[in-house]
Structure formats: C-alpha cells, structure tokens
Amino acid sequence: MKYYLAIDIGASSGRHIVGYERNGKIETQEVYRFPNFVDNQNGYLVWDIRRLFQEIKNGVKEAFLRYPKIESLAIDTWGVDYVLIGEGEEITPCYAYRDGHTATAVEEVHSIIPFEKLYEKTGTQFQTFNTVYRLWEDKKAGRLEKASAFLMMPEYFSYKLTGVMKKEYTDASTTGLVNAASEEFDSDILTALGYPRKMFPSLDKPGTKVGSLLPEIAEEVGGQTTVLLCASHDTASAFEAVKVASDCAVLSSGTWSLLGAKLPAPVTTKEALKSNFANEGGVGYVRFLKNIMGLWIIGELRKEFGTDYAEMIAEAKTSKFEGLFDVNDQSFLAPKKMSEAITEYFTRQARPTPTGRADLFNTVFRSLALSYKNAMDELEKVTGKKFNEICIVGGGAKNGYLNDLTATFTGRKVTAMPIEATAIGNLMIQIGG
C-alpha cells in the first residue's frame with residue numbers, strides 16, 4: 001500500500017494527514033496537529049515562519065514514525081500571504097493579512113491601475129489585504145529592492161524542505177496579479193506597478209514535482225520523500241475534493257467562508273465586479289466565489305469568553321435577539337475585542353444591541369447565514385444559473401445549528417460533507433499525479 005502526506009495549514013491550526021487508497025476510496029489518518037496564530041510584533045501582526053516550519057518538520061517526523069515509507073507530501077495553506085527572499089535569507093517580518101499597515105496602498109495602486117482594470121484582467125475579488133497592495137507597501141519600504149524571490153506560504157515551506165523554488169497557480173491566483181485568461185502573472189500589471197519581473201516566473205500546476213527533501217531535513221525527520229505541489233491554496237484543495245452536481249454551490253466553511261461554484265471559465269463582467277466575486281484557480285476549472293468573514297468571528301468570541309463551540313450553540317439557541325449585521329464589515333477583521341466590535345456596530349446604526357453572551361453568539365450565527373443567502377442570490381444573478389443545494393466542507397460542516405440556519409435563510413438544501421476536505425483534495429492531487 002502506498003502512503004501520502006497532506007500538510008494542511010489554516011490560519012488557526014495545522015494538520016498532518018496520511019492518506020492511502022483502499023477499495024477505490026481515500027482513507028485518512030491524522031498524525032499531527034498544531035495551533036496556528038499571528039504574533040504581535042512591534043505593533044504589527046506577523047507570522048512566525050520559523051515556528052511554523054518547525055511544526056511542519058515535527059509533523060513529518062511523526063508521520064515517518066508511523067509510516068516508514070511515504071511516497072510524497074504536499075503543503076496547502078491560506079492564500080494572499082507570502083515571504084520575500086533576498087540573498088538566500090528571509091526578509092522579515094512576514095506580515096499577516098490581518099495587519100492593517102498597507103491601508104494607504106490600495107488608493108495608491110488604484111491611482112495607477114483603477115480597480116475596474118485590475119478586475120478585468122485578474123477577476124480577483126477586492127480585499128484590502130490582497131497581495132498586489134501589500135507588495136506596493138514593500139516596494140515603498142525598500143523591501144522589494146532587497147528581494148530576489150517572492151514565495152507564497154506553501155511555496156516557501158516547500159522551498160525550505162527541498163531547496164527548490166516553484167510557483168503554484170492556484171495560490172498565485174489569490175494575489176490579484178494573475179491574468180484570469182492566461183493563468184500566468186500579468187506583465188502589464190507588474191510593469192505598471194514596477195514590480196521586478198524576475199520575481200514572477202511561469203506558474204506550475206498542481207501535481208508538479210518540487211524535489212526531494214534536503215539531506216539535513218531527511219535526517220531530522222527520519223525519512224526521505226518527494227515534495228509535490230498540490231492545489232496549494234487550501235480552498236482550491238477543498239473544492240477539488242468536492243464532486244458535486246452542476247446545480248450545487250460549494251461552501252468552504254472555516255476561519256473564512258468561501259461560497260461559490262466550479263465554472264468552466266472566468267467571469268469578469270461588470271456584474272461580477274459589482275458583486276465582488278473572485279475568479280480563483282482550480283484544477284481545470286475556475287473557482288468563482290465570494291470571501292466571507294466566516295467562523296473567525298465565532299472563534300474570537302470563543303477565546304474571549306473561554307468557552308467551546310458546543311456551549312456557544314446551546315446558549316445561542318436560548319436567545320430571542322433577532323438583530324443582524326454585516327459580517328464582512330472591516331471592523332471585524334482584527335478588532336481588539338470582538339464582542340465590543342459587534343456591539344459598536346449596532347450602536348453606530350442606532351439599533352438595539354445584543355445583551356449578553358447568548359445574544360452575541362446567536363447574532364453571529366444568524367448573520368453568517370444571512371451572508372450566505374446574500375452570496376447565493378448574487379451567485380445566481382451573476383452566473384445566470386440556478387443552485388438548488390449548498391455542499392458545505394471544512395470545520396463548519398459539523399456545526400449543525402449554523403447549517404440549519406443556512407438552510408432556513410437560503411431556502412436551499414444543505415449537505416454537510418467531509419470535514420477534512422482540504423486534506424483529501426491535497427491527497428487526490430498527489431495520488432493522481
């Protein structure tokens with residue numbers, strides 16, 4: 001039997017999952033899990049890439065202890081974030097997407113290339129933290145002058161394992177720099193913004209071999225294997241795992257909620273721009289989707305009140321509070337205290353505010369369900385297609401209360417699918433490749 005290792009790292013946790021085929025199905029075994037979080041360094045939100053890389057090696061070592069022969073491994077993470085490399089060394093800090101230091105870059109970039117033009121070329125949903133804007137801030141700070149390479153997070157960790165740099169298409173498609181038609185970095189955008197062309201080589205597709213583990217890495221983890229590119233944006237891997245009918249939308253429910261559908265070609269119309277849908281890379285298709293703030297809000301409340309999800313759901317069910325809010329409001333991106341941010345949102349609008357924990361929990365669950373309804377309505381309007389079902393994958397798939405609310409608000413059938421869909425999609429690329 002052949003064994004493969006999927007390393008799936010989200011914004012709040014990482015997982016090492018060994019997979020193998022049995023009777024035509026992929027069986028999985030989680031061998032390692034670790035928490036993930038941003039650090040506050042001198043007032044900036046940053047990723048501790050050394051800690052993350054050590055956790056990756058720890059998990060690979062554990063995998064080899066249980067499965068001495070592993071055919072390959074592949075890494076997927078969240079999108080947008082990256083590491084700059086200069087003269088063989090990381091240019092730190094590695095800013096996290098929730099950090100707000102690039103706020104002024106958006107207006108400056110749009111003064112050179114209006115967003116309408118960016119969207120026409122890339123089909124990338126507008127987010128203030130898109131890579132295209134953050135690189136502009138790096139350019140202003142002189143960081144690009146020192147850089148010889150630009151690696152998205154999965155590319156960086158694969159490079160640290162192998163010494164080989166490869167650029168992967170699905171994750172690159174989250175940057176706002178990839179042409180939706182050519183599926184390569186857009187030369188016009190790079191030239192207009194003065195980004196060094198050498199840092200943006202041709203993109204490789206999922207299934208491409210990166211290389212073998214460096215000898216010192218192999219010795220440390222206790223085994224040798226081949227590192228491959230999977231669909232290295234975690235949502236791309238999740239979508240790859242979902243085989244659904246054409247009338248079924250896909251909701252990847254985690255720290256972020258990504259709701260959309262698999263389409264044969266990008267949609268970059270004015271209607272798509274107005275609804276702020278993204279055209280992101282898939283394996284032979286486009287992931288046409290909308291980014292929604294997701295379970296981040298619930299997760300922050302859970303930490304704030306020191307509770308767990310089961311207790312939050314039980315309390316939410318006791319609430320009679322019916323107020324709803326826009327979960328995508330920028331005030332919820334990285335507030336100091338989530339409960340206060342929610343209360344202040346209602347106060348600004350001179351509306352009744354939630355009173356107590358139960359009201360807070362319930363308004364978040366209900367507001368998420370409303371955001372899914374709005375996104376579904378927009379999806380149908382922009383594509384001209386009818387979607388009768390929503391297939392939910394990711395950690396949110398096991399939240400029965402939120403799933404029920406989603407069915408109620410959207411008026412559509414809701415089907416919960418494998419929670420570890422991202423890891424399964426990662427493994428499918430490895431096995432198929």
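See the structure printed just above.
Conventions adopted
Residues numbered from 1 in each chain as written. Predicted model: local features only at pLDDT ≥ 70, side-chain atom pairs only at ≥ 80, totals over all residues. Heavy atoms only, no water. Helix = DSSP H or I, 4+ residues; strand = E, 2+ residues; numbered from the N terminus. Buried < 20%, exposed > 50% of the residue type's maximum accessible area, 1.4 Å probe, protein only. Contact = heavy atoms within 4.5 Å. Phe/Tyr/Trp six-rings, centres within 6.5 Å; stacked < 30°, edge-to-face > 60°. Axes fitted to C-alpha atoms, helices over the stretch in contact; angles between N-to-C directions. Parallel < 35°, antiparallel > 145°, perpendicular 65-115°, else oblique. Nonpolar A, V, L, I, M, F, W, Y, C, P; charged D, E, K, R; others polar. Pairing = 2+ DSSP bridges. Core = buried A, V, L, I, M, F, W, Y, C linked by side-chain atoms within 4.5 Å. Salt bridge = Lys/Arg side-chain N within 4 Å of Asp/Glu carboxyl O.

Caption draft 1: Molecular detail of the side chain of Thr-102. Considering the arrangement of structural elements, one finds Thr-102 in the loop between strand E9 (94-95) and helix H2 (103-112). According to the relative accessible area criterion, Thr-102 is buried, its value standing at 4%. Those residues within four positions of Thr-102 in sequence are excluded, and the remaining contacts are Thr-128, Arg-134 and Glu-137.

Caption draft 2: Examining the packing of aromatic side chains more closely. For the structure shown, the criterion picks out 25 aromatic pairs. Taken together, a centroid distance of 6.0 Å and an interplanar angle of 50 degrees make the contact between Phe-115 and Tyr-119 tilted. Linking Phe-115 with Tyr-119, this pair stays in helix H3 (residues 115-122), spanning four residues, or about one helical turn. Taken individually, Phe-115 and Tyr-119 each receive the classification buried, so the pair is uniform in this respect.

Caption draft 3: Fine view of the packing of H2 against helix H4 (residues 131-140). Taken N-terminus to C-terminus, the directions of H2 and H4 make an angle of 95 degrees; their axes are 9 Å apart at the nearest point. When the axis of H2 is compared with that of H4, the two are roughly perpendicular. When H2 is examined against H4, the residues Thr-104, Ala-105, Val-106, Glu-108, Val-109, His-110 and Ile-112 are found in contact with a partner set consisting of Val-132, Tyr-133, Trp-136, Glu-137 and Lys-140. For the contact of H2 with H4, the class distribution of residues is seven nonpolar, two polar and three charged.

Caption draft 4: Spotlight on the sheet that holds strand E2 (residues 13-22). Read from one edge of the open sheet, six strands run E3-E2-E1-E6-E12-E11, paired in mixed fashion. Edge positions in the open sheet fall to strand E3 (25-35) and strand E11 (209-212), since each of these has one partner strand only. Mean inter-strand twist for the sheet, computed between neighbouring axes without regard to direction, equals 25 degrees. Across the sheet, helix H17 (residues 421-432) touches strand E1 (4-9), E2, E3, strand E6 (72-77) and strand E12 (226-228), and the angle it forms with E1 is around 140 degrees.

Caption draft 5: Looking closely at the sheet that holds strand E5 (residues 44-47). Across the sheet, which stays open at both edges, the three strands sit in the order E4-E5-E9 with antiparallel pairing between neighbours. Looking at strand neighbours, the two that pair on one side only are strand E4 (39-41) and E9, the edges of this open sheet. Bridge count for E4 against E5 is three bridges, and the pairing is antiparallel. If you follow Gln-41 over to E5, its bridge partner there is Tyr-44.

Caption draft 6: Up close: unusual backbone geometry. Following Thr-92, the chain continues into Pro-93 via a peptide bond in cis, with omega recorded as 5 degrees. Structurally, the position occupied by Pro-93 is in the loop between strand E8 (89-91) and E9. For Val-80, which is not glycine, the phi dihedral falls at a positive 75 degrees. Here Val-80 is to be found in the loop between E6 and strand E7 (82-86). Under the relative-accessibility criterion, Val-80 is labelled buried at 10%. Phi is positive for Asn-276, close to 60 degrees, though the residue is something other than glycine. Structurally, Asn-276 can be placed in the loop between helix H11 (270-274) and strand E15 (278-281).

Caption draft 7: View of the packing of helix H10 (residues 234-241) against H17. Contact geometry of H10 with H17 gives a least axis separation of 7 Å together with a crossing angle of 80 degrees. Considered as vectors, H10 and H17 are oriented roughly perpendicular to each other. Along its contact with H10, which presents Asp-234, Ser-237, Ala-238, Glu-240 and Ala-241, the element H17 presents Ala-421, Thr-422, Ile-424, Gly-425, Asn-426, Met-428 and Ile-429. Classifying every residue of the contact of H10 with H17 by side-chain character gives six nonpolar, four polar and two charged.

Caption draft 8: A look at the nonpolar core. The biggest cluster of nonpolar side chains holds 133 residues, and the ones touching the most others in it are Trp-47, Ile-297 and Ile-342. It is helix H15 (residues 356-383) that contributes the most residues to this core, 11 residues altogether. Ignoring sequence-local partners within four residues, the contact set of Ile-297 consists of Phe-325, Val-327, Phe-332, Met-338, Ile-342 and Val-364. By size, the runner-up hydrophobic cluster in this structure holds six residues, among which are Tyr-4, Ala-6, Ala-423 and Leu-427.

Caption draft 9: Structural view of the pairing of E15. Neither face of E15 is exposed, since Ala-278 and Glu-280 on one face and Asn-279 and Gly-281 on the opposite face are all buried. Examined bridge by bridge, E15 and strand E16 (residues 286-292) share four bridges and lie antiparallel to one another. Residue pairing for E16: Glu-280 is matched across the bridge by Arg-287. Remark: four residues form the turn of the hairpin made by E15 and E16, two consecutive strands paired antiparallel; Gly-284 in that turn has positive phi of roughly 90 degrees.

Caption draft 10: Focus on the pattern of salt bridges. Here the structure, examined in full by the defined rule, presents 28 salt bridges. Residue Glu-378 pairs with Lys-290 through a salt bridge whose shortest N-O separation is 2.6 Å. Of this pair, Glu-378 sits in helix H15 while Lys-290 is found in strand E16, placing the two residues 88 residues apart along the sequence. Here Glu-378 falls in the partly exposed class, since its relative accessible area comes to 25%. Its relative accessible area of 12% is what places Lys-290 among the buried residues. A salt bridge links Arg-357 to Glu-315, with the shortest nitrogen-to-oxygen separation between them at 2.5 Å. Residue Arg-357 is found in helix H15, and its partner Glu-315 is found in helix H13 (residues 309-316); the two are separated by 42 residues along the sequence. With relative accessibility at 26%, the residue Arg-357 sits in the partly exposed group. Shared partners join several salt bridges into a network, and the residues in it are Asp-8, Arg-15, Glu-30, Arg-33 and Glu-420.

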